[in-house]
Amino acid sequence: MKTFAMLAILLIFVSCSSSRIDRKIDNAAWDSLADESYLRWGENRLKKTAKSEYEVVACYSGDASKTLNSFKKDYLVKNQTPYYWLHIGNCYFIQENWTKAEFFYRMTLEETKVKTIKSIALNNLGLIHFKYEQWEKGKEFLNEAIKNAPLLKVPRYNISQLYLQFGLFDKAIEVLNDSVFKGHKDIDVNFSLANAYLYKGDLKTSAQYFQLIPQDNFRREDIAATYALFLMKHGKTKEAKEVMDDRERSGVAELSAISQKIEKLIAQRMKEE
């Protein structure tokens, strides 16, 4: 049980905090956060985006340098548009250049009066501070983001991930049950709720949220690993092995290490059964 608990804690930490886990979703019906974050868009969805948004999409499609040069070239024309500074910040965020991303998010706060744009910048500043493990400061930015635009989902979702990471499961559940998520069909929101109830020990409610996740998504490594732990809690060791065998490797070193430990635990259980 001690090993199980340790793996569970590590898995929550990596799943919540890693930006390298591929959370792209091509089916918009299962992505309630889509309108607030291109980071979740798969290649097919990005290709269908309007030509007027090409520069932004190019940044998210891996052409950040070209996009940044375009923004700089057209500074005199575009610097008055509400999203100008935010988009530059996002391009640097994608490149994991946290210092420059923070600079342009702060420029966004100075240059725009649009509250939703301010909220997105504040949200992203919160995420940058999480990268430096400045949890309280990051939380302050997220709370400010929520205050600026109470109807935005992403800042609330991100603060729920902070609560999950520190074992505040009831707080995470409360946030994810907020009215802004009412009627949602979102893979990561359901996964987070399944996580929260699993680690609270409420397996019945956890199962209800796992059942809301489309089957194909159980191949995502963080979901596969968590679901395997869930199955092991039910004594379904063989099924847990099948889930782990079918997972797509994420390439995230920390997650790969946890998956290997789960596989060893499964092998040990199968010998004992």
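Quick notes on the rules
- The numbering scheme is per chain: residues are counted from 1 as the chain's sequence reads.
- Given that the model is predicted, a residue must reach a pLDDT of at least 70 before its local features are reported, and side-chain atom pairs must reach 80 or more before they are shown or counted; all residues, however, enter totals for whole chains, interfaces and linings.
- To obtain the side-chain values, all non-hydrogen atoms of the structure were used and water was disregarded.
- Think of it this way: any DSSP run of H or I at least four residues long counts as a helix, any run of E at least two long counts as a strand, and we number them from the N terminus.
- Partly exposed residues are those whose accessible area sits between 20% and 50% of the maximum for their type, while under 20% is buried and over 50% is exposed, using a 1.4 Å probe and protein chains only.
- Methods summary: accessible areas were calculated by the Shrake-Rupley approach with a probe of 1.4 Å, and residue burial reflects only the protein chains presented.
- For every element, the axis is a line fit to its C-alpha atoms; helices are fit only across the contacting stretch, and the angle between N-to-C directions ranges from 0 to 180 degrees.
- By convention the crossing between two helices is left-handed if the near helix lies anticlockwise of the far one by an angle smaller than a right angle, and right-handed if it lies clockwise.
- The criterion used for residue contact is that any of the two residues' heavy atoms lie within 4.5 Å.
- Three categories are distinguished: nonpolar for Ala, Val, Leu, Ile, Met, Phe, Trp, Tyr, Cys and Pro, charged for Asp, Glu, Lys and Arg, and polar for the others, with Gly belonging to the last.
- Take a side-chain nitrogen of Lys or Arg and a carboxyl oxygen of Asp or Glu: if they are within 4 Å of each other, that pair is a salt bridge.
- Working definition of a nonpolar core: buried Ala, Val, Leu, Ile, Met, Phe, Trp, Tyr and Cys residues. They are joined through side-chain atoms within 4.5 Å.

Peer 1: Could you give an account of the overall build of the protein chain, naming the residues involved and the relevant values?
Peer 2: Looking only at helices and strands, one finds 16 helices and zero strands in the protein chain. By the burial criterion, 53% of the 273 residues in the protein chain qualify as buried. Counting every atom, the protein chain has about 14300 Å² of accessible surface; 52% of that belongs to carbon and sulfur.

Peer 1: Quick one: what's the story with the packing of helix H12 (residues 187-200) against helix H14 (residues 221-233), residue by residue and with numbers?
Peer 2: At a minimum axis distance of 11 Å, the contact between H12 and H14 shows a crossing angle of 35°. Where H12 crosses over H14, the handedness of that crossing is left-handed. Between H12 and H14, the contacting residues are Ile 187, Phe 191, Asn 195, Leu 198 and Tyr 199 on the first element and Asp 222, Ile 223, Thr 226, Leu 229, Phe 230 and Lys 233 on the second. When its residues are assigned to classes, the contact of H12 with H14 shows seven nonpolar, two polar and two charged.

Peer 1: Explain the pattern of salt bridges to me, and be specific about the residues and the numbers.
Peer 2: Scanning the model with the defined rule gives 12 salt bridges in all. Across the pair Lys 241 and Asp 245 runs a salt bridge whose closest N-O atoms are separated by 2.7 Å. Separated by four residues within a single helix, Lys 241 and Asp 245 lie in helix H15 (residues 237-245), roughly one turn from each other. Ionic contacts of the salt-bridge type, sharing partners, join the residues Asp 188, Arg 220 and Asp 222 into one network.

Peer 1: Which residues make up the nonpolar core, and what values do they have?
Peer 2: Judged by nonpolar contacts, the single largest core of 51 residues is most densely connected at Leu 11, Leu 193, Tyr 199, Phe 210, Tyr 227, Phe 230 and Ile 262. Those residues in contact with Leu 11, other than ones at most four positions away along the chain, are Tyr 199, Asp 222, Ala 225, Thr 226, Leu 229, Leu 255, Ile 258 and Ile 262. Core analysis: the second largest hydrophobic core is formed by 27 residues, Cys 59, Ala 64, Leu 68 and Cys 91 among them.

Structural measurements only, silent on function.
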